[in-house]
Amino acid sequence: QVQLVESGGGLVQAGGSLRLSCTASGSIFRIVTMGWYRQAPGKQRDLVASITSDYTTAYADSVKGRFTISRDNARNTVYLQMNSLKPDDTALYYCNLKRVAWGTDYWGQGTQVTVSS
């Protein structure tokens, strides 16, 4: 079984920065895509950024130029560097791991990011 543990959320002022971390443990396979999703009150859970095992990245249009996703495969860890934060970024952020060969998804418990104006 795979366990994902997120950290790094918090309360920041608009324009500030946070760095989220997610470490996976358990039965980790080599070809996995990891990513960050977020869900704001009254909205669906949406993809923020993803990164493949070969370090190919993808971002939601709303965060391009402000957020950077990265991963350290040796540590089974994915990061989300969030700069120039806006109140609209306020959400519960979830770490996701997908085993590509099977399409199996695993989720973290979520970490809250709150951006004040």
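Residues numbered from 1 in each chain as written. Predicted model: local features only at pLDDT ≥ 70, side-chain atom pairs only at ≥ 80, totals over all residues. Heavy atoms only, no water.

**Looking at unusual backbone geometry**
- Here the phi dihedral of Y55 falls at roughly 75°; this positive angle occurs in a residue that is not glycine.
- Here Y55 is to be found in the loop between β5 (46–51) and β6 (57–59).
- Even without a glycine there, the phi angle at S84 is positive, about 50°.
- Note that S84 resides in the loop between β8 (77–82) and β9 (91–99).
- The exposure class of S84 is partly exposed, given its relative accessible area of 41%. (Helix = DSSP H or I, 4+ residues; strand = E, 2+ residues; numbered from the N terminus. Buried < 20%, exposed > 50% of the residue type's maximum accessible area, 1.4 Å probe, protein only.)

**Let's talk about the environment of A74**
- Examined against the element boundaries, A74 turns out to sit in the loop between β7 (67–72) and β8.
- Sequence-wise, A74 and Y106 are 32 residues apart; in three dimensions their C-alpha atoms are separated by 19 Å.

**Observations regarding the sheet that holds β8**
- With antiparallel pairing, four strands are arranged side by side in an open sheet as β1-β3-β8-β7. At either margin of the open sheet sits one strand with a lone partner, and together these are β1 (2–7) and β7. For this sheet the average axis-to-axis angle between neighbouring strands, irrespective of direction, equals 15°.
- Sheet topology places β7 next to β8; six bridges connect them, and they run antiparallel. In the sheet register, S70 faces β8, and the bridge partner there is Y79. (Pairing = 2+ DSSP bridges. Axes fitted to C-alpha atoms, helices over the stretch in contact; angles between N-to-C directions.)

**Quick look at the pairing of β9**
- Across eight bridges, the pairing between strand β4 (residues 32–39) and β9 is antiparallel. Looking at the pairing, Q39 lines up with L92 of β9.
- Both β9 and strand β11 (residues 111–116) contribute to a ladder of three bridges, which runs antiparallel. Considered in β11, the bridge of L92 is made with Q112.

**Here we look at the layout of surface pockets**
- By volume, the largest pocket amounts to about 240 Å³.
- What lines the largest pocket is a set of 14 residues, and nearest its centre among them are R38, K43, D46, S62 and D88.
- Take the lining of the largest pocket: its biggest share by element is three residues, from β5.
- Here the lining of the largest pocket is built from residues that sort into five nonpolar, two polar and seven charged. (1 Å grid on protein atoms, 1.4 Å probe; cavity = no way out; pocket = protein on both sides within 12 Å on 5 of 7 lines; lining within 4 Å. Points joined across faces, edges and corners; volume = space filled by probe spheres on them. Nonpolar A, V, L, I, M, F, W, Y, C, P; charged D, E, K, R; others polar.)

**Quick notes on the nonpolar core**
- In this structure, W36, L80, M82 and Y93 are the most contacted members of the largest nonpolar core, which totals 27 residues.
- Every element with two or more residues in this core is listed here: β1, β3 (18–26), β4, β5, β7, β8, β9 and β11.
- Leaving out residues up to four positions away in the same chain, M82 has contacts with G16, S17, L18, L20, R66, F67, Y93 and V113. (Core = buried A, V, L, I, M, F, W, Y, C linked by side-chain atoms within 4.5 Å. Contact = heavy atoms within 4.5 Å.)

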